[in-house]
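Fold and geometry: a report
Here are the chains, one letter per residue:
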Amino acid sequence: MDKKIKAHSLTGRITPELMWDAFRNVKRNRGEAGVDKVSIQLFEKNLEQNLLALMRRLKDGTYQSYPLRRVHIDKGGGKTRPLGIPAVRDRVAQEVIRQLLSPLFERIFHNDSFGFRPRRGCHMAVARVIELHQQGYKYVLDADIKGFFDNIPHDVIMAGVAAEVADGNILRIVERFLKAGVMEDGAL
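Read on for a plain summary of the structure. (Residues numbered from 1 in each chain as written. Predicted model: local features only at pLDDT ≥ 70, side-chain atom pairs only at ≥ 80, totals over all residues. Heavy atoms only, no water.)

On to the sheet that holds strand β1 (residues 68-76), then. Read across the open sheet, the three strands follow the order β2-β1-β3; overall the sheet is mixed. Of all the strands in the sheet, the pair left with one neighbour each is β2 (79-85) and β3 (182-183). As paired strands, β1 and β3 are joined by two bridges and run parallel to one another. Along β3, the bridge assignment pairs Leu68 with Val182. (Pairing = 2+ DSSP bridges. Helix = DSSP H or I, 4+ residues; strand = E, 2+ residues; numbered from the N terminus.)

Now for the nonpolar core. Taken as a class, soluble globular proteins show a tendency for nonpolar side chains to be buried jointly. Core analysis: the biggest nonpolar cluster contains 36 residues, and Met19, Leu58, Val92, Leu101 and Ile170 have the highest contact counts within it. Of all the secondary-structure elements, those providing two or more residues to this core are α1 (16-29), α2 (40-45), α3 (47-60), α4 (88-106), α7 (154-162) and α8 (168-178). Examining the composition of this core, we find that nine residues originate from one element, α4, more than from any other. Apart from the residues lying within four places of it in its own chain, the contact partners of Leu58 are Thr11, Ile14, Met19, Tyr63, Ala93, Val96, Asn169 and Ile173. (Core = buried A, V, L, I, M, F, W, Y, C linked by side-chain atoms within 4.5 Å. Buried < 20%, exposed > 50% of the residue type's maximum accessible area, 1.4 Å probe, protein only. Contact = heavy atoms within 4.5 Å.)

Next up on the list: the packing of aromatic side chains. Evaluated as defined, the whole model comprises three aromatic pairs. For the pair Tyr63 and Phe177, a centre-to-centre distance of 5.9 Å together with 75° between the ring planes defines the contact as edge-to-face. Taken as a pair, Tyr63 in the loop between α3 and β1 and Phe177 in helix α8 lie far apart in primary sequence, 114 residues in all. Take Tyr63: its relative accessible area is 0%, and that puts it in the buried class. Just above the ring of Tyr66 sits the side chain of Arg89; from NZ or CZ to the centre is 4.2 Å. Above the ring of Phe114, the side-chain terminus of Arg120 is found at 5.2 Å from the ring centroid. (Phe/Tyr/Trp six-rings, centres within 6.5 Å; stacked < 30°, edge-to-face > 60°. Lys NZ or Arg CZ within 6 Å of the ring centre and 35° of its normal.)

Structure below.
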C-alpha cells in the first residue's frame, strides 16, 4: 500500500516576497474594510511594517483572524445575500495560505471542475460542455446548493486539508479562518 506524502514545512515558505505578492492580489481585488475599519489604502500606508508583522504572526503561531463584517447584498425582489468581509490583513493572510495550498489541491481536483480555479473560467466550462455534447452527451447538471459552504462541518474541511498537509501551524491558521465568526450589528 502506498503511503500518502503530505506537505511539510509550508510555514517556512512564508517569505517577504510571498507577503508582498499576496498584498498585490488583495489590492487588485479591491474590497472594503473589515471589522477593524482598516481599508486597503490605510493598510498600505505602513505596508512594509504591516506585512512583516503579519508574516511574523503567521510564522510564530500567534496569528488570530478578526471576525468577518457581515453585509447584505441586494438580490432583487426583496431578497438579500449575506456576505462576510474579512479585514484586509486577514485577506492577505488568506491569500498567503491559498498560494501555499493551491498547488497541493489543484492536482487532486476533478479535471471538469472550473469554478474558482487558476487558469480556468466560464469560457472553458462552456467549451467543455460543447465538447461533451459533440461526444453524444445530452444532459447537463448545474447544481448550486444554497448555503453549502456555511453548512459544511469544520471537521470535514479540516480533515480534507490535513489529508494533504502535515504542517500543524498551517492547519491551525486554516482552522482560525474557519472559526473567526461574523460580526453583525455589533454582535458576534
